[in-house]
Amino acid sequence: MKFRRPKKLRRLAGPAGRAGWGLADQALSSLSNLAVGVVVARSSTVADFGVYALAFGGYTIALNVSRAVATEPLAVRHSGARTPDWQRAVRASTATAVFCGLLAMLAGLAIVAFPGVPSRGVLLAFAVTMPGLLLQDAWRWAFFVVGEGQKAFINDLIWLLAMLAIFGGLYLTGTTSAFTLTLAWGLGAVIAAIAGRFQAGVAPRRQLIREWVRRNWDVSPKYVGEMLAVSGTIQVYMLGITAAAGLVATAGIRGAQVLLGPVNVLNQGIRMISVPEAARALKHSYRRLWLVGLAISLGVGAGALAWGAVFLLLPPVVGRELLGPDVWTQAHSVLVPVILLQALGASNAGAFAILRALTAATRGLRVRLVSSVVLITCGVAGAYLWGPKGAAWGLAGASFATLLLWWHEAHRAIAAHRRASAD
């Protein structure tokens, strides 16, 4: 006799499976970022690692702009099954991601050419691999919107293995440096991006870029503004903290964030599948949408705090081995507030998914802009008044305030959508 699961369990199996692949995939992606952060920290001075932190922030800006223009509309409007419409949308969105990567590469090369720029090699490594980095991320989103998270996982596994193979060659030949290690990380993504084309069975088509941008122009500019507010805020407050308290403060905060890489695994892994899940919940009821959002935020926030607590209990020698004694000293002094910063920031994932599902782009942009002002003000003011610790605690306090703002706006968005549907 064939066993049949209860109906309620069958309903949960799909979302649970997709969430599982999302977390597993993001674990590999974050492991790649963690690995390069660790090896660069151990192979460079505190000042050089501070430059790497700023360069990584620039990559984050490019990644978020690419997502806003290329892959966020794909997730909102083409989640479901593989169809001819999905294939055309993927060809267009991946081509748009490559175009964003080329623009980011040109911007990076222009910065490298500017006189007096420190650690040019690290900036160059980010710049030349940017098209591959953004295309690889676009393939991951394309797989998740049709429930093929296992393909995204395999693609990130290809990235990780390729990167580790190049790392091995660098260590065997004695050519490790901040430049070569960062370049190896980017080349791993380029290899995975090429593999993604064969996994998907479709290729980017540059002729569709204009059509894609035009079709999604009602939401893309707001998504871009929102994403620029996110990554641009991080870059601005990092630069402000650097100006107020020096590169040592920047290196300390970035070093703590490297150690908390698994928090990003949880956060980004959930975000990868949260918008499609919220869109599915909205088709059922507003109550389910609200519950799905709460479950996402509580899960991510609790996981982030749990990981931070574990890391606080580990012997200091672990941190020294991972980051090197100099960077570890700075990171350890701000570890508690950075844990709170990461956990509170991750906890807005549910509210973010609710606003995306309701296509409340204006509300999302408003929250991002207000949050940007709060984070920059508190972070830089804290650095100016109390140094690195003041900067970290200022950011943590600001993150709590912005979390409350996110959920307030999500509640208002549901109420407005319900009224509009009743009219």
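Counting restarts for each chain, with residues numbered from 1 along the sequence as it is written. Local features in this predicted model are restricted to residues whose pLDDT is 70 or higher, and side-chain atom pairs enter the listing and the counts only when it is 80 or higher, whereas totals over whole chains, interfaces and linings include all residues. Hydrogens and water are ignored here; the side-chain numbers use all heavy atoms of the structure.

You'll find the protein chain entered in an unreviewed UniProt entry as O-antigen/teichoic acid export membrane protein, with Kribbella shirazensis given as the organism. UniProt positions are given in the numbering used here, feature names are shortened, and annotations may be inferred rather than shown by experiment. According to UniProt, the comment filed for the protein chain under the heading Subcellular location (unreviewed entry) is "Cell membrane".

Before going further, it helps to examine the packing of aromatic side chains. What counts as a ring pair is set by centres within 6.5 Å for rings of Phe, Tyr and Trp (its six-membered ring), and what kind of pair is set by the plane angle: stacked under 30 degrees, edge-to-face over 60, tilted for all other angles. Within this structure, the stated rule accounts for 9 aromatic pairs. Taking the centre distance of 6.3 Å and the plane angle of 85° together, the rings of F56 and F126 count as edge-to-face. Pair noted here: F56 is in helix α2 (residues 46-77) and F126 is in helix α4 (residues 120-128), with a separation of 70 residues, a long-range link. Only protein chains enter the calculation, and the probe is 1.4 Å; a residue is then buried if its accessible area is under 20% of its type maximum, exposed if over 50%, and partly exposed in between. On the basis of relative accessible area, F56 is assigned to the buried category, the value being 10%. Using a relative accessible area of 3% as the deciding quantity, one classes F126 as buried. The interplanar angle of 65° and the centroid separation of 6.3 Å between the aromatic rings of F352 and W406 together place this pair among those described as edge-to-face. Here F352, found in helix α16 (residues 349-357), pairs with W406, found in helix α17 (residues 361-422); they are 54 residues apart in sequence, far enough to count as distant. Helix and strand definitions here come from DSSP, where helices need a minimum of 4 consecutive H or I residues and strands a minimum of 2 consecutive E residues; each element is numbered from the N-terminal end.

A word on the environment of A92. With respect to the helices, strands and loops of the structure, A92 is situated in helix α3 (residues 84-113). On a C-alpha basis, the gap between A92 and T71 in space is 9.8 Å, while along the polypeptide they are 21 residues apart. Those residues in contact with A92, other than ones at most four positions away along the chain, are L208 and W212. Two residues qualify as a contact provided that any one of their heavy atoms is within 4.5 Å of a heavy atom in the partner residue.

A pair is scored as a salt bridge if a Lys or Arg side-chain nitrogen falls within 4 Å of a carboxyl oxygen belonging to Asp or Glu. Taken as a whole and judged by the stated rule, the model has 12 salt bridges. In this structure, R88 and E211 form a salt bridge, with 2.7 Å as the shortest nitrogen-oxygen distance. With R88 in helix α3 and E211 in helix α8 (residues 209-215), this pair connects stretches of sequence that are 123 residues apart. The exposure class assigned to R88 is partly exposed, which follows from its relative accessible area of 37%. One salt bridge connects D137 with R140, and the closest N-O pair in it is separated by 3.1 Å. Of this pair, D137 and R140 both sit in helix α5 (residues 130-144), 3 residues apart, roughly one helical turn. For the residue pair D137 and R140, the accessibility class agrees, reading buried in each case. Residues joined in a network through salt bridges with shared partners are R67, D137, R140 and D156.

Where helix α12 (residues 286-313) contacts α17, the two axes come as close as 11 Å, and the packing angle between them is 165°. Taken together, α12 and α17 sit at an angle that is classed as roughly antiparallel. Between α12 and α17 lies a crossing of right-handed hand. Only W407, A410, H411, I414, H417, R418 and S421 of α17 make contact with α12, whose side of the interface consists of Y286, L289, W290, G293, L294 and S297. For helices, the fitted axis covers only the stretch in contact; all axes are lines through C-alpha atoms, and the angles between them, taken along N-to-C directions, range from 0 to 180 degrees. The cut-offs work like this: below 35 degrees is roughly parallel, past 145 is roughly antiparallel, 65 to 115 is roughly perpendicular, and the gaps in between are oblique. Take the far helix as your reference; a near helix turned counterclockwise from it by less than a right angle gives a left-handed crossing, and one turned clockwise gives a right-handed crossing.

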